Structures are given as structure tokens and as C-alpha cells.
Amino acid sequence: MMKKAFLVSSMVLGCVMSTAYAATDLTATQQTEAVTAHNAWRTKVGTPALKWSSTLADTAQAWANSLKTTQGCKPVHSGAKGLGENLFWASALKYSDGTSKPQVITPTQATDAWGNESKDYTYSTNTCATGKVCGHYTQVVWKSTTEVGCGKAVCADNTQIWVCNYTPAGNYVGQKPY
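Residues numbered from 1 in each chain as written. Predicted model: local features only at pLDDT ≥ 70, side-chain atom pairs only at ≥ 80, totals over all residues. Heavy atoms only, no water.

Asker: What is the right way to read the overall build of the chain from this model?
Answerer: Broken down by element type, the chain carries four helices and 10 strands. Scanning the chain from its N terminus toward the C terminus, one meets helices and strands in the order β-β-α-β-α-β-β-β-α-β-β-α-β-β. Per-residue burial for the chain yields a buried fraction of 44% across its 178 residues. Look at the contacts in the chain between residues 6 or more apart in sequence, and 77% of them connect residues 24 or more apart. Here the chain has roughly 8700 Å² of accessible surface; of this, 57% comes from carbon and sulfur atoms. (Helix = DSSP H or I, 4+ residues; strand = E, 2+ residues; numbered from the N terminus. Buried < 20%, exposed > 50% of the residue type's maximum accessible area, 1.4 Å probe, protein only. Contact = heavy atoms within 4.5 Å. Areas by Shrake-Rupley, 256 points an atom, 1.4 Å probe, with all protein chains shown as cover.)

Asker: Honestly, the pattern of salt bridges in this entry has me stumped. Any pointers?
Answerer: It is possible for side chains bearing opposite charge to pair when their charged atoms get close. Inspection of every chain in the model, using the stated rule, returns two salt bridges. The shortest N-O distance in the salt bridge between K51 and E147 comes to 3.9 Å. One end of the pair, K51, is in strand β3 (residues 51-52); the other, E147, is in strand β9 (residues 147-154), with 96 residues separating them in the sequence. Between K119 and D120 there is a salt bridge whose closest N-O contact spans 3.7 Å. (Salt bridge = Lys/Arg side-chain N within 4 Å of Asp/Glu carboxyl O.)

Asker: Explain the nonpolar core to me, please; I cannot follow it from the model alone.
Answerer: Ranked by internal contacts, the top residues of the largest apolar core, which has 22 residues, are W52, F88, W114, V148 and C150. Those elements giving two or more residues to this core turn out to be α1 (28-45), β4 (83-90), α3 (107-115), α4 (135-141), β9 and β10 (160-167). Those residues in contact with V148 that sit more than four places away from it in its chain are V35, H38, L50, K51, W52, S53, L56, C164, N165 and Y166. One finds A60, C73, C155 and I161 within the second-largest nonpolar core, a separate group that totals 10 residues. (Core = buried A, V, L, I, M, F, W, Y, C linked by side-chain atoms within 4.5 Å.)

Asker: Explain the packing of aromatic side chains to me, please; I cannot follow it from the model alone.
Answerer: Where two aromatic rings form a pair, the distance of their centres and the angle of their planes describe that pair. The full count for this structure, using the stated rule, is four aromatic pairs. A ring pair is formed by W41 and Y137, whose centres lie 6.4 Å apart and whose planes are at 80°; its orientation type is edge-to-face. Here W41, found in helix α1, pairs with Y137, found in helix α4; they are 96 residues apart in sequence, far enough to count as distant. One residue, K44, lies across the ring of W41, its end atom 3.9 Å from the ring centre. (Phe/Tyr/Trp six-rings, centres within 6.5 Å; stacked < 30°, edge-to-face > 60°. Lys NZ or Arg CZ within 6 Å of the ring centre and 35° of its normal.)

Asker: Before we go on, may I ask you to explain the state of the cysteines in this structure?
Answerer: Working definition of a disulfide: a covalent bond connecting the sulfur atoms of two cysteines. Applying the stated criterion across every chain yields a total of three disulfides. Between the sulfur atoms of C128 and its disulfide partner C134 the distance amounts to 2.0 Å. Because the torsion about its S-S bond is 70°, the bridge between C128 and C134 counts as right-handed. By relative accessible area, C128 is classed as partly exposed at 27%. (Disulfide = S-S within 2.5 Å.)

Asker: Sorry if this is basic, but what is going on with the pairing of β10 here?
Answerer: It is a general feature of regular strands that their side chains alternate between the two faces of the sheet. Of all the eight residues making up β10, seven are buried; the element is thus mostly covered by neighbouring parts of the structure. Across seven bridges, β4 lies against β10 in antiparallel orientation. Bridged to G84 within β10 is Y166. Pairing of β9 with β10 involves eight bridges; the strand directions are antiparallel. For A153, the partnering residue across the bridge sits in β10 and is I161. Counting the residues that bridge the hairpin from β9 to β10 gives five residues, and of these N158 lies at a positive phi of roughly 75°. (Pairing = 2+ DSSP bridges.)

This is how it looks when you write it as C-alpha cells:
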């Protein structure tokens, strides 16, 4: 009998954040992909390219690890000061026989989930459509942000949490992102 997979859900959260250290779980290829995905969104609005920061990646990984061990991968912002932070959560793939496994999530998929909020953002008024969220998108494209670093953790239930940190942070009230 063939197993059927059911995708439960994924979500994104964003905020300002930072510190704590642990080597990132992202491979060099995934690190490059994360920067490329962010810069694709930035190119669309003419903001300068980001570069990878191992320090930010270590901070992001430490927070992802903390969420794994203390929150069961529940997306909760670190609340740290000085850095931008975007979170992406993905459910496990659940099969009809009761088994599950982690979804294969790429840095591009996580970044695009944040970037796709652009459809709800109006630059001229610097507002987001009623009931929508745009802060992840604006952090991705924030003009003065120069560096990004990301990490991820997979929990025992096969859910996963992705964390990206940014410096300098964006999303200042009353300021346009670009």
C-alpha cells in the first residue's frame, strides 16, 4: 500500500533580535542559497546586496537550537536587541500509516515565504494590507541592512524552525524600507 503524505502547514514570523553562539547547521551551499534568495528580492527594489555573516548565522542557529530544546520548534522571537529576525516554521510530512518525516525546505523557500509578503505591501503609503503581515518582507529588503545569517533546527516531531538574523536591523516605525 502506498503511503500518502499530508503537508500540515508552515508559517513565518518576523521581529528585531540577537546574541548567543553555535555553529550553523546550514551547509556552505545552503548559506550561498540563502544569500542569493535574499538578494533576488533586494534586486527587485534596488537595495544593495547582502553578504553572509558567520556571526549572525551562529546567533540564528543558537536561537533555533533553543527553540528546539525549550519550545518544541514553536516559533517564538528571541526578543534580543540590535538585530533583525525572521522566523519560518514548517510542519512534518505526515503519512497515512502514522509515520512522519521533516519536509525538505530550502533557504529559497523560507526566504520566498517572507518575500511573497510584498504582494500585500504598498510602498507609497508604507503600509501593509489590512489583516496581512509585511514585516518579514520589509526586513529582507531593508536598504541599510548589509548582512544575513541563518540557522535551522528539526524537532523530535519532525517540525522545523528556521531563523535568519540581519544587521543592521530594519523595520523602524515611520521609515520606508528602501
